Amino acid sequence: MIGGMVDLSVFWLQMLGVAIAIGIAGRLRGGWRWNAGGIAQLLVIGLICAYGIFVGSADTCALTAGTLLTLVTAWPRVLMRRFQHHMSLLDAASMREEAQRLALFLWGRPGRFWRDLAAAVSAALEDEAPAGDALLRRYLHPAVPRQYREAARNAQYTLLVLDRAWDRILTEFEVYTPDDGSILPLGMAMSAHRAYLEVGNPAAARQVLERVDFLAVRQPIRGILLYQLAFRSLVGDVRGVEDLVSVLALPLYAAYPWKARALAISGRFAEAHAAIDEAIAAVPPDQQHLVKRLRDLEAALDTAPQLGGDPAVAAELRRADAIFAHAMRQEAVVAPQKPGWAVVGLVGAIALAFIPAHLFTILPQDRWLELADQILRGGQLSDAALHGEWWRLLTYQFLHADLFHVGLNLMVLWLFGMQAVELFGSWAFLTLFFLAGVLGGVAQLELAPGANTIGASGAVLGVFGAVIAGMARSKILPPNVRKDRVARLLTVAALQFALDQLFASQIAVFVHAAGMAAGGLIGWLAPVRQEG
């Protein structure tokens, strides 16, 4: 939100500089040996910011620094999700390709870790599990950061599952004694969950699920669905398997083995063998190593435990489904992945409104310049809004000073809009957005008359405030998680207002303060969605 038409490129560079400093401090706390590459990347981006602030070319430097910062922080997470997706499909070639891409962004030891992880799982898929295990053991040393040790240990359990070493998995699980305050390792838990199902003990598998803190290990929704797929398949729930493979959009060669297991456990052996034949026919040419695994699976179909139709098993399936649903709801609140129609529509409308208001930058003829000026002057927030031109309280939220101004607002709106939708629903999200923007505009006109203002920042901060209140009231999250999330968000809010004071000459402070306060009040009063 700005109080006039000013060049804010230097302001964005300063904000990027603050983010970079925080990022470097965090990496230094994690140890420089494993974070040297990330620190070097942030230092380079910081130098670009410093050049733009103190030398010149602020616009170019802001665009370059912002793009690079997004690439080195956000894009690796996308690549990691893709890596995990390929691992779930046992696609060795694609895993190795994603690991190479990760190494382009994760310089040094982190990049080498992901290459070794891909090589270890690939070796297991090619019946060379000991070689893969030897690669992973390099990362079990106490000097290795915890996140990489845990990932390596989880991958070791993946190797045991691929080797179908159910007895070894269950032996290790049943003698495991966690340290005080520690959580059950995800790899151990989910391999034990699978092993109990494989030996025909769904009750024990469900009990394992009850011990897993999915929120603490930050398991994505797709991963939770894959665990649910295994449970439904190995208790003979054919219809449930068909529904899940459709939701997950699994390729035929990955989906039909689960369907075949469910059919065999339900006593439908002919259909089970036919499903394996279809899966084999669909195996890609570069993954022929899977054919042998599918043939081994087919040989075991006729000895599958007959669980289909057992009322006790059906009851265990219902209990397991409830656990999975609760875990997915928690993850959706903390880290939603689907923006929904309301967020997409609002972001699209603001982005489209930016184009006619800045046509002079695209078509530098006088008539376009005059049209853009009319749009900005006719829609900006001014004292005229209190004297009949009430629409300005709405239209000013769709107008922005420059690309960086609209880009930052849309990014924050996208991130916190998804959470607001998960907490309150789509219509409530739209209501609180516009109401916070209007109330913020009224506060600005009453407390700072005479200033012309444009931008959606007040409404966006209203969404942010509502998310803080909704998080505090959400019963779906454990109390410790609620407190931690709310504390983090309040810290960000305090930093926001500190920056507002620092750059008060450029920012409509009252719009920000009133917008966030209004959003927080609405979020405290509005019904919060709990389950489902």
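Owing to the predicted nature of the structure, the values given are computational and were not obtained by experimental measurement.

**As for the overall build of the chain**
Looking only at helices and strands, the chain features 26 helices and zero strands. Each of the 532 residues in the chain was classed as buried or not, and the buried ones make up 50%. Total accessible area on the chain is roughly 24,800 Å²; 61% of this is exposed by carbon and sulfur atoms.

**Topic: the packing of aromatic side chains**
Using the criterion set out here, one finds 11 aromatic pairs in the structure. With 6.3 Å between their ring centres and 70° between their planes, Trp34 and Tyr139 make a pair best called edge-to-face. Placement of Trp34 in helix α2 (residues 32-54) and of Tyr139 in the loop between α7 (129-137) and α8 (146-162) is noted, with a sequence separation of 105 residues between them. Ring pairs connect the aromatic residues Trp34, Phe83, Phe113, Trp114, Tyr139 and Tyr148, which therefore count as one cluster. The aromatic ring of Tyr256 is capped on one face by Lys259, whose charged end is 5.1 Å from the ring centroid.

**Describing the nonpolar core**
Of all hydrophobic cores here, the largest spans 66 residues; its most connected members are Leu209, Phe214, Leu229, Phe231 and Phe324. Looking at this core, the element that brings in the most residues is helix α15 (residues 252-265), giving nine residues. Core analysis: the next-biggest nonpolar cluster, separate from the first, contains 42 residues, Phe416, Val421, Val481 and Ala493 among them.

**Examining the packing of helix α13 (residues 221-234) against helix α14 (residues 238-248)**
It is at 9 Å that the axes of α13 and α14 come closest, and there the two elements cross at 160°. Judged by the inter-axis angle, α13 sits roughly antiparallel to α14. The two elements α13 and α14 meet at a crossing, and its hand is left-handed. On α14, the residues that touch Arg222, Leu225, Leu226, Gln228, Leu229, Arg232 and Ser233 of α13 are Gly240, Val241, Leu244, Val245, Val247 and Leu248. Looking at side-chain class alone, the contact of α13 with α14 contains eight nonpolar, three polar and two charged residues.

**Focus on the pattern of salt bridges**
Between side chains of opposite charge, a pair can form when the charged atoms approach closely. Taken as a whole, this structure holds 23 salt bridges when the rule is applied. Residue Arg293 pairs with Asp127 through a salt bridge whose shortest N-O separation is 3.9 Å. Of the two residues, Arg293 is situated in helix α17 (residues 289-299) and Asp127 in the loop between α6 (109-125) and α7; the sequence distance between them amounts to 166 residues. Here Glu242 ties to Lys259 by a salt bridge, and the two come within 3.4 Å at their closest N and O atoms.

**Focus: unusual backbone geometry**
One non-glycine residue, Leu90, adopts positive backbone phi at about 60°. Counting through the fold element by element, Leu90 comes out in the loop between α4 (75-88) and α5 (92-105). Although it is not a glycine, Ala249 adopts a positive phi angle of roughly 55°. Position of Ala249 among the secondary structure elements: in the loop between α14 and α15.

**Thoughts on a positive patch on the surface**
Among the surface-exposed residues, Arg33, Arg109, Arg112 and Arg115 lie close enough to one another that they form a single positively charged patch. A per-element tally of the positive patch places α6 first, with three residues. Among the structural elements, Arg115 can be located in helix α6.

**Concerning the environment of Leu47**
Structurally, Leu47 is set in helix α2. A relative accessible area of 61% means that Leu47 is categorised as exposed. For Leu47 and Gly17, which are 30 residues apart along the polypeptide, the C-alpha to C-alpha distance reads 9.2 Å.

Rules used throughout
Residues numbered from 1 in each chain as written. Predicted model: local features only at pLDDT ≥ 70, side-chain atom pairs only at ≥ 80, totals over all residues. Heavy atoms only, no water. Helix = DSSP H or I, 4+ residues; strand = E, 2+ residues; numbered from the N terminus. Buried < 20%, exposed > 50% of the residue type's maximum accessible area, 1.4 Å probe, protein only. Areas by Shrake-Rupley, 256 points an atom, 1.4 Å probe, with all protein chains shown as cover. Phe/Tyr/Trp six-rings, centres within 6.5 Å; stacked < 30°, edge-to-face > 60°. Lys NZ or Arg CZ within 6 Å of the ring centre and 35° of its normal. Core = buried A, V, L, I, M, F, W, Y, C linked by side-chain atoms within 4.5 Å. Axes fitted to C-alpha atoms, helices over the stretch in contact; angles between N-to-C directions. Parallel < 35°, antiparallel > 145°, perpendicular 65-115°, else oblique. Left-handed = near helix turned anticlockwise from the far one by under 90°. Contact = heavy atoms within 4.5 Å. Nonpolar A, V, L, I, M, F, W, Y, C, P; charged D, E, K, R; others polar. Salt bridge = Lys/Arg side-chain N within 4 Å of Asp/Glu carboxyl O. Patch = residues over 30% accessible without salt bridge, like charges linked within 9 Å, V, L, I, M, F, W, Y side chains within 5 Å. Lys, Arg positive; Asp, Glu negative; His and termini not counted. Charge placed at Lys NZ, Arg CZ, Asp CG, Glu CD.

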